[in-house]
There are 2 protein chains.
Amino acid sequence: MTYSEENYLKAIYHLSLSQKQGVSTNAIAALVESKASSVTDMIKKLAEKELVIYQKYQGVGLTDKGLMAAKMIVRKHRLWEVFLVEKLDFAWDEVHDVAEELEHIKSEKLINKLDAFLGFPTEDPHGDPIPDKNGNIVKVEKQLLSEFEIGQTGICVGVKDSSSSFLQYLDKQQIALGSKIKIIAKESFDMSLTIEVEKKQIIISNKIASNLFAKIVL
Amino acid sequence: MTYSEENYLKAIYHLSLSQKQGVSTNAIAALVESKASSVTDMIKKLAEKELVIYQKYQGVGLTDKGLMAAKMIVRKHRLWEVFLVEKLDFAWDEVHDVAEELEHIKSEKLINKLDAFLGFPTEDPHGDPIPDKNGNIVKVEKQLLSEFEIGQTGICVGVKDSSSSFLQYLDKQQIALGSKIKIIAKESFDMSLTIEVEKKQIIISNKIASNLFAKIVL
DNA sequence: ATAATTTTTTAGCTTTGTCTAAATTTTTAT
DNA sequence: ATAAAAATTTAGACAAAGCTAAAAAATTAT
């Protein structure tokens, strides 16, 4: 599979997670930063290779083969991210672009040895699950912080947005994966939250709270 | 720089180490496994980018800029090889192809952090020198085992041929980097050597001895 | 020194992945 | 239900990197 085919497959995978229907041409084009016409061409090629099912004007979906291939790319991406953060001391907002390149290295042996070297992690530095060598994914029950009730406490387990600016904001507020967060108050006007983290109270906007995953604790 | 440009540059670098003159089109074609006509095309592109100096029919040489770029690719290749062997437990005959892919990952930060993680190694698993971030190379005085005199003892410090079959032969004979080798006898008919390694005496052909580098010890 | 051979370059074609512009289909809105 | 808008596909073109075959230059051998 080419570099480009892999990127399309990964894009279709990510899009199909949040949609039940076929994934649209335009949505793919936006993700891979190309044009709809280019997407149509590539989709046809992937369909010939039986990686996706495609019907003109109806969007695409992954076949079993395509799904597994996509998961393996995601697996590689996320394992490399763990490597960069845990072993090479990258910050969590610096790893994405490099992992984007590393995910295309073709060696099963490499990725399985890397997996072992890292201790078979199940999540990447942003809290996203890492498929194992068979494509199995451990699902963690988690919810957006914006959905928490006043008085509830959660442990931060992931971010929805992995942009540098968001991650750096979290660093500044000393919010990291594993941080304990208690909801103190919710402002009904703008849905901003007063939360307690690391013994300090801070106010975060609804936009922030809508991009932070946490799991409920007592 | 593209993947392909990097491969050509690396090939020219390797060839220019063993030749004083300009590197020939055919030699490059053999190394990058393409055709002479393709090489001519690529050379023109590299010349436009001022990475090589090219005169029709006269071969090519690297500019300072091209030399540094080539060294950085070699640096990446060899650091990744160290990583694969030291951290991921690859055998020394398994690393070349994977490193061939990894060397094209574009991130200075990555390679410098990897360098630090590995403890700033100066040699790869085959005994070849690793350029530092400024392109400096530590030269080790070494000579081919075939040039040793009877009675001399050497420490194995490198291989000239890194093919899997040669490296696996060495494994089988328990010859590794660091092995102490004493020349017991030399057969004048075929220049084969009787050597002592790990307290055992074995006979190696001239071809083997001509692909093993060692440095003299008392 | 010239002919034969080898090496290198040029010319023209192919494939991959992209694009723009035009045509077509689907969806949305009245 | 039909017109307008949006989404998608097709057609045709382009750049990168490769190839084959033919032409040109350099080397070698007589």
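What comes next concerns the included structure. (Residues numbered from 1 in each chain as written. Chains lettered and ligands numbered in written order. Predicted model: local features only at pLDDT ≥ 70, side-chain atom pairs only at ≥ 80, totals over all residues. Heavy atoms only, no water.)

1. Observations concerning the overall build of chain A
When its secondary structure is counted, chain A shows eight helices and eight strands. Once the C-alpha set of chain A is aligned to its principal axes, its extents read approximately 55 × 40 × 25 Å. Put simply, chain A has 218 residues, and 44% of those count as buried. Across chain A, contacts joining residues at least 24 apart in sequence account for 61% of those joining residues at least 6 apart. (Helix = DSSP H or I, 4+ residues; strand = E, 2+ residues; numbered from the N terminus. Buried < 20%, exposed > 50% of the residue type's maximum accessible area, 1.4 Å probe, protein only. Contact = heavy atoms within 4.5 Å.)

2. Focus: the relation of the copies chain A and chain B
Once turned by 180 degrees and shifted 0.0 Å along the axis, chain A lies on chain B with an RMSD of 0.0 Å. A rotation of that kind, with that shift, is consistent with a two-fold axis. Minimal C-alpha distance to the rotation axis in chain A is attained by Leu102(A), lying at 3.8 Å. In this assembly the copies share their binding face: 100% of the residues contributing to the interface of chain A also contribute to that of chain B. (Least-squares fit on C-alpha atoms with pLDDT ≥ 70 in both.)

3. What about the pattern of salt bridges?
Tallied over the full model, the rule gives 16 salt bridges over all chains. In this structure, Asp124(A) and Arg78(A) form a salt bridge, with 3.7 Å as the shortest nitrogen-oxygen distance. Taken together, the residues Asp124(A) in the loop between helix 6 (108-117) and strand 3 (143-144) and Arg78(A) in helix 4 (residues 64-87) connect sequence positions 46 residues apart. Residue Arg78(A) is classed as buried on the basis of its relative accessible area of 13%. For Glu100(B), the salt bridge is made with Lys10(B), and the minimal N-O distance between the two is 2.7 Å. Of the two residues, Glu100(B) sits in helix 5 (residues 96-102) while Lys10(B) sits in helix 1 (residues 3-17), which places them 90 residues apart along the sequence. What makes Glu100(B) partly exposed here is its relative accessible area of 23%. Where salt bridges share partners, they join Glu5(A), Lys45(A) and Lys49(A) into one cluster. (Salt bridge = Lys/Arg side-chain N within 4 Å of Asp/Glu carboxyl O.)

4. Considering the protein's contact with DNA strand C
Near DNA strand C there are 21 residues, and of these Ser38(A), Lys45(A), Lys44(B), Tyr54(B) and Lys56(B) occur at the shortest range. Sugar and phosphate atoms constitute 75% of the interface atoms of DNA strand C, taking the interface as everything within 4 Å of the protein. In the environment of DNA strand C, a phosphate oxygen lies 3.2 Å from a nitrogen or oxygen atom belonging to the side chain of Ser4(A). Side-chain polar atom of Ser38(A) to a phosphate oxygen of DNA strand C: 2.5 Å apart, as the coordinates give it. Looking at the surface near DNA strand C residue by residue, the classes come out as five nonpolar, 11 polar and five charged. (Near = heavy atom within 4 Å. Polar contact = N/O pair within 3.5 Å; in protein donor to acceptor, adjacent residues only side chain to side chain. Nonpolar A, V, L, I, M, F, W, Y, C, P; charged D, E, K, R; others polar.)

5. Details of the interface of chain A and chain B
The interface of chain A with chain B comprises 20 residues on the first partner and 20 residues on the second. Of the roughly 1700 Å² buried where chain A meets chain B, counting both sides, 72% is carbon and sulfur surface. On the chain A side of the contact with chain B, Leu88(A), Glu101(A) and Lys113(A) bury the most area, a combined 27% of that side's loss. Seen at the junction of chain A and chain B, the total is two salt bridges. Of the charged contacts, one joins Glu94(B) and Lys109(A) as a salt bridge, the two residues approaching to 2.5 Å between their closest N and O atoms. (Buried area = accessible area lost by both parts, 1.4 Å probe.)

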